[in-house]
Amino acid sequence: AGHVVLVGASLAALHAAETLRQKGFAGRLTLVGAEPHPPYDRPPLSKRVLAGRLSAENTGLPQSIELDAEWRLGVAAVALDTKGKTVTLADGDVLGFDKLLIATGTRARTWPQPAEAALDGVVTIRTRDDARDLRARLAAGPRRVLVIGAGFVGSETASVCRELGLAVTVVERGAAPLAGALGGPAGTAAGRLHRHHGVDLRTSTSVLALEGDSAGRVCRARLSDGDVLEVDVVVAALGAIRNVEWLDGSGLAVDHRGVRCDAFCRAIHDDGRIDDDVLVAGDVACWPHPLFGDEPLAVEHWDNAVRQARVAATTMLHGPVLAHTALPTFWSNQFGVNIKVVGVPSRADQVAVVQGSVRDACFVATYGRAGRLIGALAVNTPRAVDSYAAMINDRAGFPLALNAADAPDPIRI
Ligand code: FAD
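Predicted model only: the values in this text are computed from it and were never measured.

Cut-offs applied
Residues numbered from 1 in each chain as written. Predicted model: local features only at pLDDT ≥ 70, side-chain atom pairs only at ≥ 80, totals over all residues. Helix = DSSP H or I, 4+ residues; strand = E, 2+ residues; numbered from the N terminus. Rg over C-alpha atoms; globule rule 2.2 N^0.38 Å. Domains from an automatic or database assignment. Contact = placed C-beta atoms within 7 Å. Buried ≥ 20, exposed ≤ 12 C-beta atoms within 10 Å, placed from the backbone. Pairing = 2+ DSSP bridges. Near = placed C-beta within 6 Å. Nonpolar A, V, L, I, M, F, W, Y, C, P; charged D, E, K, R; others polar. Axes fitted to C-alpha atoms, helices over the stretch in contact; angles between N-to-C directions. UniProt positions renumbered as here; feature names shortened; annotations may be inferred. Expected span 1.5 Å × (residues − 1).

## A word on the overall build of the protein
Here is step 1: Counting secondary structure elements, the protein contains nine helices and 28 strands.
Here is step 2: A compact globule built from 413 residues should have a C-alpha radius of gyration of about 22 Å, and the protein, at 22 Å, falls within 12% of that.
Here is step 3: The principal-axis extent of the C-alpha atoms belonging to the protein is close to 60 × 60 × 40 Å.

## So, the domain arrangement of the protein
Here is step 1: Each domain of the protein was delimited in the assignment, giving domain 1 (3–107 + 240–318), domain 2 (110–236) and domain 3 (336–412).
Here is step 2: The centre of domain 2, based on its C-alpha atoms, is set 29 Å off from the matching centre of domain 3.
Here is step 3: On the domain 3 side, the residues contacting the ten residues of domain 2 number twelve residues.
Here is step 4: Contributing elements (two or more residues each) for the side of domain 2 that touches domain 3: helix H6 (179–182) and helix H7 (184–196).
Here is step 5: Per element, the largest residue contribution to the side of domain 2 that touches domain 3 is six residues, and it comes from H7.

## Notes on the pairing of strand S26 (residues 362–369)
Here is step 1: Counting buried positions along S26 gives six out of eight residues, so the element sits mostly inside the fold.
Here is step 2: Where strand S25 (residues 350–357) and S26 come together, seven bridges link them in antiparallel fashion. Residue pairing for S26: valine 351 is matched across the bridge by tyrosine 367.
Here is step 3: Hairpin connection from S25 to S26: four residues lie between these consecutive antiparallel strands, with alanine 361 at a positive phi of about 50°.
Here is step 4: One ladder, built from seven bridges, connects S26 with strand S27 (residues 372–379); its direction is antiparallel. Within S27, the position partnered with valine 364 by the bridge is alanine 378.
Here is step 5: Connecting S26 to the antiparallel partner S27 that follows it, the hairpin turn spans two residues, and alanine 370 within it adopts a positive phi of roughly 50°.

## What about the site of the ligand?
Here is step 1: Of all residues adjacent to the ligand, which total 35 residues, the nearest are Gly8, Ser10, Arg42, Gly105 and Gly282.
Here is step 2: Going through the elements one at a time, helix H1 (11–22), strand S2 (28–33), helix H8 (302–318) and strand S23 (329–334) are the ones with two or more residues in the shell around the ligand.
Here is step 3: A breakdown of the residues in the shell around the ligand according to their chemical character gives 18 nonpolar, eleven polar and six charged.
Here is step 4: In this structure, the shell around the ligand is formed jointly by two domains, domain 1 (3–107 + 240–318) and domain 2 (110–236), each of which donates at least three residues.

## A closer look at the sheet that holds strand S21 (residues 274–280)
Here is step 1: The six strands lie next to each other as S3-S2-S1-S7-S21-S20, forming an open sheet whose pairing is mixed. Each edge of the open sheet is held by one strand with a lone partner, namely strand S3 (70–73) and strand S20 (266–268). The sheet shows a mean angle of 30° between the axes of neighbouring strands, taken without regard to direction.
Here is step 2: Where H8 meets the sheet, it contacts strand S1 (3–7), strand S7 (99–102), S20 and S21, and its direction lies at approximately 145° from that of S21.

## With respect to the sheet that holds strand S15 (residues 228–230)
Here is step 1: With antiparallel pairing, the three strands of this open sheet are ordered in space as S13-S14-S15. This sheet does not close on itself; its edge strands, each paired only once, are strand S13 (207–212) and S15. With strand direction ignored, the average angle separating the axes of adjacent strands in the sheet is 20°.
Here is step 2: By the bridge criterion, five bridges tie S13 to strand S14 (residues 218–223) in an arrangement that is antiparallel. Paired with glutamate 211 across the two strands is arginine 220, which belongs to S14.

## A few points about the UniProt feature "domain: FAD/NAD(P)-binding" (unreviewed entry) in the protein
Here is step 1: Following the UniProt record, one finds the feature "domain: FAD/NAD(P)-binding" (unreviewed entry) at residues 3–309.
Here is step 2: Secondary structure content for residues 3–309 is 22% helix and 28% strand, and the end C-alpha separation is 17 Å.

## Re the UniProt feature "domain: Reductase C-terminal" (unreviewed entry) in the protein
Here is step 1: Taking the UniProt record as the reference, the feature "domain: Reductase C-terminal" (unreviewed entry) is found at residues 330–401.
Here is step 2: Between the C-alpha atoms that bound residues 330–401 the distance is 25 Å, and the span itself is 12% helix and 50% strand.

## A few points about H1
Three- or four-residue spacings in an α-helix give side chains the same orientation, since the helix completes a turn every 3.6 residues.
Here is step 1: An ideal rise of 1.5 Å per residue puts 16 Å on twelve residues; H1 measures up with 16 Å between its terminal C-alpha atoms.
Here is step 2: Summarising burial for H1: ten of the twelve residues are buried, a large majority.
Here is step 3: Among all positions of H1, only Leu11, Ala12, Ala13, Leu14, His15, Ala16, Ala17, Glu18, Thr19 and Leu20 are buried.
Here is step 4: Among the structural elements, S1, S2, S7 and H8 are those in contact with the buried residues of H1.
Here is step 5: Phi turns positive, to about 95°, at glycine 24, one or two residues after H1.

## Observations concerning helix H5 (residues 152–163)
Here is step 1: The end-to-end C-alpha distance of H5, which contains twelve residues, comes to 16 Å, matching closely the 16 Å that a straight helix rising 1.5 Å per residue would cover.
Here is step 2: Most of H5 sits inside the fold, with ten of its twelve residues counted as buried.

## With respect to the environment of arginine 369
Here is step 1: Along the chain, the position of arginine 369 falls in strand S26.
Here is step 2: C-alpha separation for the pair arginine 369 and aspartate 349, spaced 20 residues apart in sequence, amounts to 5.1 Å.

Structure (structure tokens):
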């Protein structure tokens, strides 16, 4: 038996806890979460919750088994001692553990100018409370919403704004929406979708400054294209930062990509030593995926958090018997379009559209690197990705033989 402590009480921690109980673990389980809420689902936050079709309170993750766990919610872990095997909490409590799961995920990157970020109406969206707050602001009918950053969360937010009939400007430093993650044709298609749905999309543009009125509410944004926009709500959708500061001094190998672990989710120390008692899973983990070479992978997707958590729980109980080799997969819904991704398109050097048409926002694109297929994107044809996933797993070459038939040649990205 023994005591398992899971730090982070969200998707990964919940699935690890469930797996432990399902596999017969009868010892003590403690989940420590900085947020006051029991585990909830984040993907609906930037979709149905913002649109007002689901209340933020109803995003709780279903629990498939009686966990019989101790919940320490609303209190963060502040230190880890891997030798003494203890975790210190912000309220001063010290928890001893036999096995520990690090599942502290990420937080939203805030607007970098603190005084501007503190203006009323400048928000981020990562938590249930963030989503409830932004939903209330959107429901109040602002004159204009400014979304900074056209990644997935920014694009979904803009999509909801248009669904609500709100005027929205999206400012993106890169050449196209989603360009960092998907590049090339996907960015072209995404840009077209934004504009078709009435988003004022400014690419290759930056927000230089945000200004407030005398009451401290945001009212204006200065852009690098010279424009000055009147705005009431600013959503900073600037990506995520891994929650690793509490591990300072723990001796674990940690950097901006997260906590290093092996394919069995065992944490790696600075000196390269593998820790059998400290496991890592979810958005905070960074590990070598056998399909994607030496450069460790850090994946911020729902499916990965669930699968990696199950592997971590298995390692806790049985040692390194099950490796985490699942292909990353991801979905998004925006502007009425379904996007599904497998593999790691962000690491590709070439892309080829192999089915459908980018113009009609219904296509499949494949991604290659160094002559190998490493990713696929299906827009409005979600089932198509499964066969490409199998080919990525089989280490198929790139471009695929079928590309030659009627598809354009691969382009460099
Ligand atoms: P998280 O969910 O980030 O949870 C980590 C938890 O740990 C947090 O509650 C945090 O407060 C807590 N914590 C942090 N530090 C400490 C500490 N020191 N002590 C105690 N607790 C701590 N993925 C998809 O695949 N498809 C989507 O469409 C999609 N949409 C998304 C939309 C939004 C708005 C967001 C924010 C995410 C979306 N994701 C999506 C990503 C997905 O939600 C994440 O991959 C998933 O939540 C990761 O789970 P996790 O348990 O690893 O981390």
